Each structure stands twice: as structure tokens, then as C-alpha cells.
Amino acid sequence: MSSCGFLNMATIGDFDPLSATIPATKVEITVSCRNLLDMDTFSKSDPSKNVFFSPLLRKCLYKLKLFIFLFFQFGRTEVIDNTLNPDFVRKFILDYFFEERQNLKFDLYDVDSKSSNLSKHDFLGQAFCTLGEVVGSLCGRMEKPLGGIPGKKCGTIIVKAEELSNCRESVMMQFCANKLDKKDFFGKSDPFLVFYRSNEDGTFTICHKTEVVKVNLNPVWQAFKIPVRALCNGDFDRTIKVEVYDWDRDGGHDFIGEFSTSYRELSRGQSQFNVYEYTFSFIRFPGNPSQPTSLHYMNPYQLNAYAIALKAVGEIIQDYDSDKMFPALGFGAKLPPDGRISHEFALNGNPKNPYCNGIDGVMEAYYQSLKSVQLYGPTNFSPVINHVARYAASIKDESQYFILLIITDGVISDMAQTKESIVNAACLPMSIIIVGVGPAEFDAMIELDGDAVRISSRGRYAERDIVQFVPFRDYIDHTGNHILSMARLAKDVLAEIPDQFLSYMRTRGINPSPAPPLCTPPGHPLQTQI
């Protein structure tokens, strides 16, 4: 990958000082292109994208008030060598004003020299849109054809927008690798790393590339500084995927492997948590609870799918809890007052005391939380599993057994971390029930269930099966009888719990306490019927 020295990126403040007093949301724009025109005879095009931003400028000439739409250059991406399908790393930070029409123009060039004069380079196409179009697209992802060259299909442009958090931190990181695969026939690999952060719809967005270390299967890449906002947008549990490639001059880089982590793991520093084995395998918004399209829709006349699952399973489990006080946690939401993203927050709003009085108390806390938090992706399971596991690990006398109920729409963004959390929890006095709601495919949940193949992480298998998964849609009574749906669901959801509980006790040689002697009321002789 090469970058021309003249390329730089301006900020919004460079051209409109008055906007500093106008409330705005900052969004980050990421650009990719697919199936570009090939303008080079002996190699593929080297695209660079110019972004032009058109604000509404107001200028007074004598007594005439003119509204002038003016395009001017806002920034340029880096140059990527030899590819017709570039994913640009460089981002554009824009102030988004909901009430204004903010026009964008994207011009794409094949860069053939270091000249900053665009006329010296081959024009590949252009696209027009508004910032509102991008922000308002499904999951903030807009795709449209490139034009500008008559009679030719110029490919497509993909523009993604994500609201930026207020996180101002930066982090210095350094990576090394050992015993990478040899991909070059006449020499060793030339490895480099590509970093991606996960999105709400389950896709990934590129956020960093390292330099190429030539001819080395045990590379040490240079330390680099990156804003935490670019790496995970301030969500420390968001999945970060890292891919390892062998660089090739023609742009056809060979895939070596990948691994997943999170900023929370990385921030622990040098430890066993930051040693990764790469593998060779190659988030949607949950909606507004006030809208019928949301799985969390608060219908005044009937329970939503989440509430039905919670009530069905909870009302049976609570009979085995002595004090009927249940800690209830949520994950995947922005919390008041600052919009902090959390995957481990108290539904009742009290992090020091997340306990709710009975399942009715849990239901009340659930409904109240929908009114106070903003549902948000991605969906991470591991923080909540680790939360319960810490409590289970603190019990030394086998006096308690923990059951974690997770209700989810099926999207999971931290699969690797969740599998590791389950493997670690399998030796603890706990079980996990997962109820999938909605129409999504639940392949990931089936894998976590581990009935067909015992779940494993980094080559270590779970000591025992502690997960039971069921899709709620299989238990819906089509006549609308929710009581029947709840009974069917509860029966199958809880089916494996007794065996999981007994397997834990047996493996630890724990026998049940002897039954207390029968108490015979005075004056009533004990009768035995044969």
C-alpha cells in the first residue's frame, strides 16, 4: 500500500467557522468501491477518491441575498495500489445537520504520478448524494453506481456513515507474529495486518493497515497510534477483527489468517489474553420500541416476544430461588445521560443494586429501561456471561447454582469472546439459557448450544455442556394463545437444566444434603400405608 505525500484531509472547521455555534452530530464517512474501470494496460488502477462537500453558504451583496451551492475539495483518501475493489482506510469526519441539505460529490481517479493536479490522472467516475441519504440508509450504508464517463459502466461506490462517540482517547499498539505460513514459492511471506471494527449489521469496516514486513515469517510491525474512536467508536467490547496477508506486488494479496479481539482485551497489556491463534476461515439496529416493527414493541394490549420469553422461563425458575430477588442486566444500548454504549447495564438503572423483586419486578425494569435507554448495536454476549461467571466463581461451598437467561434476536458480534467465556464458565456452577426471538437465522446460537459439537475456544473444549438454545418462533401458538406458547417454550428451555446441574455436582463429588427427619405432630401417630 502506498500513500502520496500531497494527500491530506481537512476538517469541517476549516471552512465554516460559524458552524461551531450550531448543534450538530459528527459522523464518520467510510468509502469503498467495487468493479472499477481498469485504466492501466499492464496493471490495475490505483484509485484515489476526492470528496467534495457542499454546504449552504449565505452571502450578502448589497441588498441582494444569494444562496450559493458551492463545491470545493474537502479531502482525499490514500492511494491503494493495483485493485479495482478498494476499501479506503482514511475516513472523513463531517458535521451532520438534520435540517440542512448537505450535498456530497465523490470523484475517483487512477493516480499515475505524484502530481497534485487532478488533470494529470485518469478519471474513473463520480457519484452525487446528500449526507442525509447516507445517514438515512439502512444501517447507514448507501450503495450507488458511479457515472461520469458516457457509455461506460464505472462500477459502484459504497458509502458508510456512523455517528461518532465523544471518546477522545488514543492508544499506542504494537503487534508481532510467530511462524506465519510461507505463501511465496521462492521466498518467505511479506506479511501485513488489516484491522476492522464490527458494525451493527454484522459487517466490518476497515480502520487500519500496518506496513509490510518483507521476507519474514516472524514479523514485528512498527508501533502505531490510533484513536480509540477509530478502533471501536468508544465501545470497549466491540469486536475487532485482524486479518493477516502476504503482500503481492500485483495487488492479489494472499490471505494467511485472522483472529478477533476487543479494545478491552487489548488494553490489558502484555498477557496471555493478547496471544492469538489465527484461523483460516474466510449488527442490525433493534428498532424503536414505540414502533410495531421492533421486537421490543411496547404493545399496550399484549406482550412482545421478549416479554413472553422472560415471563415463561422466569416464572418457573423463580420457584427454585429462595429470596426471589433477580439481578437483571441489559446489553447493547446507549445509556443516559452521556450516551455511553454498554453491554452490561442494570435494567433498573441502579448499577449498585441491579436486583428486581420477582419476575414481575424484572418485567417492570425491562419496560422502564426501554423508555430510558437507546437500543444500539453491536450485540456482545461475553460481558454479561463474564459478569455471572464472576459471581459463580466466588461461591466456594457449592451452596448456589446460577442460571443465566439471555433473550436475543440472534445477531452476535463477539462470537470468539463469547465462546471463550462459555468454555471458561463450563467449570463453574452455572447454566446458560438462550432464547432467540424474531425471524433471524440462529446458526451462531446453535453453535453455542454445543449439542452436536462441544464448544471450544483456542483449542480448549468446554468441560461440560452448559448452554441450551431454543428459537421462540417454534413455540408460537398460531391461534394467539400466549399461555400455551409460554408453556411449550418453558418446557423445552428448561429440559437440560436438571442434567447440567447434576453433572456439575457429580463431577465434584457433591452429594445432596440428607433429608430432615419427618416431623410428627403431637397426638398423631405416624401411619405407613403398604
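Residues numbered from 1 in each chain as written. Predicted model: local features only at pLDDT ≥ 70, side-chain atom pairs only at ≥ 80, totals over all residues. Heavy atoms only, no water.

Per an unreviewed UniProt entry, the chain goes by Copine 8 and derives from Sinocyclocheilus grahami. We quote the UniProt Sequence similarities (unreviewed entry) comment for the chain here in full: "Belongs to the copine family." (UniProt positions renumbered as here; feature names shortened; annotations may be inferred.)

Okay, the sheet that holds strand β1 (residues 25–34) next. Hydrogen bonds between backbone atoms are what pair the strands of a sheet, whose relative direction is either parallel or antiparallel. Spatially, β6-β1-β10-β9 is the arrangement adopted by the four strands of the open sheet, whose pairing is antiparallel. The open sheet has two edge strands, β6 (92–96) and β9 (141–145), and neither has a second partner. Ignoring strand direction, the axes of neighbouring strands in this sheet form an average angle of 30 degrees. As judged from the five bridges shared by β1 and β6, these two strands associate in the antiparallel manner. Residue pairing in the sheet places lysine 26 in a bridge with aspartate 95 of β6. (Pairing = 2+ DSSP bridges. Helix = DSSP H or I, 4+ residues; strand = E, 2+ residues; numbered from the N terminus. Axes fitted to C-alpha atoms, helices over the stretch in contact; angles between N-to-C directions.)

Among the nonpolar cores identified, the biggest contains 36 residues, and Ile433, Val435, Val437, Phe472, Leu489, Val493 and Leu494 are the most heavily contacted of them. For this core, the secondary-structure elements that each account for two or more residues are α4 (305–317), β19 (333–335), α5 (358–372), β25 (430–436) and α9 (482–493). Considering every element that reaches this core, the biggest residue donor is α4, with nine residues. Filtering out sequence-adjacent residues up to four positions away, phenylalanine 472 remains in contact with Ala305, Ile308, Val435, Gly436, Val437 and Leu489. (Core = buried A, V, L, I, M, F, W, Y, C linked by side-chain atoms within 4.5 Å. Buried < 20%, exposed > 50% of the residue type's maximum accessible area, 1.4 Å probe, protein only. Contact = heavy atoms within 4.5 Å.)

What follows deals with the packing of α4 against α5. At their nearest, the axes of α4 and α5 sit 10 Å apart, and the two run at 160 degrees to each other. On the basis of their axis angle, the class for α4 and α5 is roughly antiparallel. Helix-helix and strand crossings are classified by hand; for α4 and α5 the assignment is right-handed. Across the interface between the two elements, Tyr306, Ala307, Leu310, Lys311, Gly314 and Glu315 of α4 pack against Ile359, Asp360, Val362, Met363, Tyr366 and Tyr367 of α5. For the contact of α4 with α5, the per-class residue count stands at eight nonpolar, one polar and three charged. (Parallel < 35°, antiparallel > 145°, perpendicular 65-115°, else oblique. Left-handed = near helix turned anticlockwise from the far one by under 90°. Nonpolar A, V, L, I, M, F, W, Y, C, P; charged D, E, K, R; others polar.)

Among the structural elements, arginine 168 can be located in the loop between β10 (156–163) and β11 (170–173). Look at arginine 168 and you get exposed, because its relative accessible area is 66%. Arginine 168 sits 66 residues away from glycine 234 along the chain, and the two C-alpha atoms are 8.5 Å apart.

Attention now goes to the side chain of serine 32. Tracing the chain through its elements places serine 32 in strand β1. Taking relative accessible area as the criterion, serine 32 reaches 10% and is therefore assigned buried. Not counting residues within four places of it along the chain, the set of residues in contact with serine 32 comprises Pro86, Asp87, Thr156, Ile157 and Ile158.

The tally for this structure, following the rule as stated, stands at 12 aromatic pairs. Aromatic side chains tyrosine 109 and phenylalanine 123 sit 5.6 Å apart centroid to centroid with 65 degrees between the ring planes, which places their arrangement in the edge-to-face category. With tyrosine 109 in strand β7 (residues 103–110) and phenylalanine 123 in strand β8 (residues 122–130), this pair connects stretches of sequence that are 14 residues apart. Look at tyrosine 109 and you get buried, because its relative accessible area is 12%. Accessibility expressed as a relative area gives 25% for phenylalanine 123, which makes it partly exposed. Measuring from centroid to centroid gives 5.6 Å for phenylalanine 195 and phenylalanine 224, while their planes differ by 65 degrees, and the two rings are edge-to-face. Taken together, the positions of phenylalanine 195 in strand β12 (residues 191–198) and phenylalanine 224 in strand β14 (residues 224–227) put the pair 29 residues apart, joining distant regions of the chain. (Phe/Tyr/Trp six-rings, centres within 6.5 Å; stacked < 30°, edge-to-face > 60°.)

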